Amino acid sequence: MTGDGGGNQLETRTRKIFEETMTAWANQDLDRALRFVSEDIIHTLNVDGELVPFAASVKGKAAMREKLEVMLKAFEIGACVTDHVSVQGNIIRANMKAIYIHLASGERLITKFRYVIEQRDGLMMRINEFHDAAYLEAFMRFIAASEKRRNRL
């Protein structure tokens, strides 16, 4: 954190917005989680959106809501824990650990990922999300299993 009072105040606000958003997401409260998201949010992921549709990068709060709703229909959030947070002005970097429970199979997906988030005027303007390889592999299995179930019906 910076030494001046203005910087500390900004960083405290930046951290608080992040923490409130992550708590809401962990509680599957999508409305509250999106409270601090800009209408023109840019949310990027290192995931191929063609292969994992609910992990595609999006622009706009409506598109982000739609993507997160699809995810919440497929998974229950078992836990979401902040492992490390670094705040510099209006930029936050965080390492997260999460357990997602696939509703159709009951399988647990344990993953680690990183965020780099830019905030402006109390809203998240850009979220860059980076997932580990195990997460990507597991999501591919879940998608394939879901497709097989749909094709049988």
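What counts and how
- All residue numbers here refer to positions counted from 1 along the written sequence of the relevant chain.
- For this predicted model, a pLDDT threshold of at least 70 governs which residues receive local features, and a threshold of 80 or more governs which side-chain atom pairs are given and counted, while totals over whole chains, interfaces and linings are taken from all residues.
- To get the side-chain values, take all heavy atoms of the structure and skip hydrogens and water.
- Each helix is a run of H or I in the DSSP string that is no shorter than four residues. Each strand is a run of E no shorter than two, and both are numbered from the N terminus.
- Any helix carries an expected span of 1.5 Å times its number of residues minus one.
- The buried label goes to any residue with under 20% of its type's maximum accessible area, the exposed label to any with over 50%, and the partly exposed label to all in between, with areas taken from a 1.4 Å probe on protein chains only.
- This arc is taken over the directions from the axis of the helix to the C-beta atoms.
- What we call a nonpolar core is a set of buried Ala, Val, Leu, Ile, Met, Phe, Trp, Tyr and Cys residues that are connected through their side-chain atoms within 4.5 Å.
- Any two residues whose heavy atoms approach within 4.5 Å are treated as being in contact.

**Q** Give a detailed account of helix 3 (residues 61-74), specifying residues and quantitative values.
**A** Taking 1.5 Å per residue as the helical rise, helix 3 with its 14 residues ought to reach 20 Å, and the 20 Å between its terminal C-alpha atoms agrees with that figure. Listed in full, the buried residues belonging to helix 3 are Lys61, Met64, Lys67, Leu68, Met71, Leu72 and Ala74. Taken around the axis of helix 3, the buried residues stretch over an arc of 160°, which confines them to a single face. Away from its buried face by more than 90 degrees, helix 3 exposes Ala62, Glu66 and Lys73.

**Q** Can you break down the nonpolar core residue by residue, with the values?
**A** Ranked by size, the top nonpolar core spans 33 residues in total, and within it Phe18, Trp25, Met64, Met96, Tyr100 and Tyr115 carry the most contacts. Those elements giving two or more residues to this core turn out to be helix 1 (5-26), helix 2 (30-33), strand 1 (37-45), helix 3, strand 3 (75-88), strand 4 (91-102), strand 5 (108-120) and strand 6 (123-131). The residues touching Phe18, leaving out its near neighbours within four places in the chain, are Thr82, Val85, Ile92, Ala94, Met96, Tyr115, Ile117, Gln119 and Met124.

Just distances and angles here, no functional claims.
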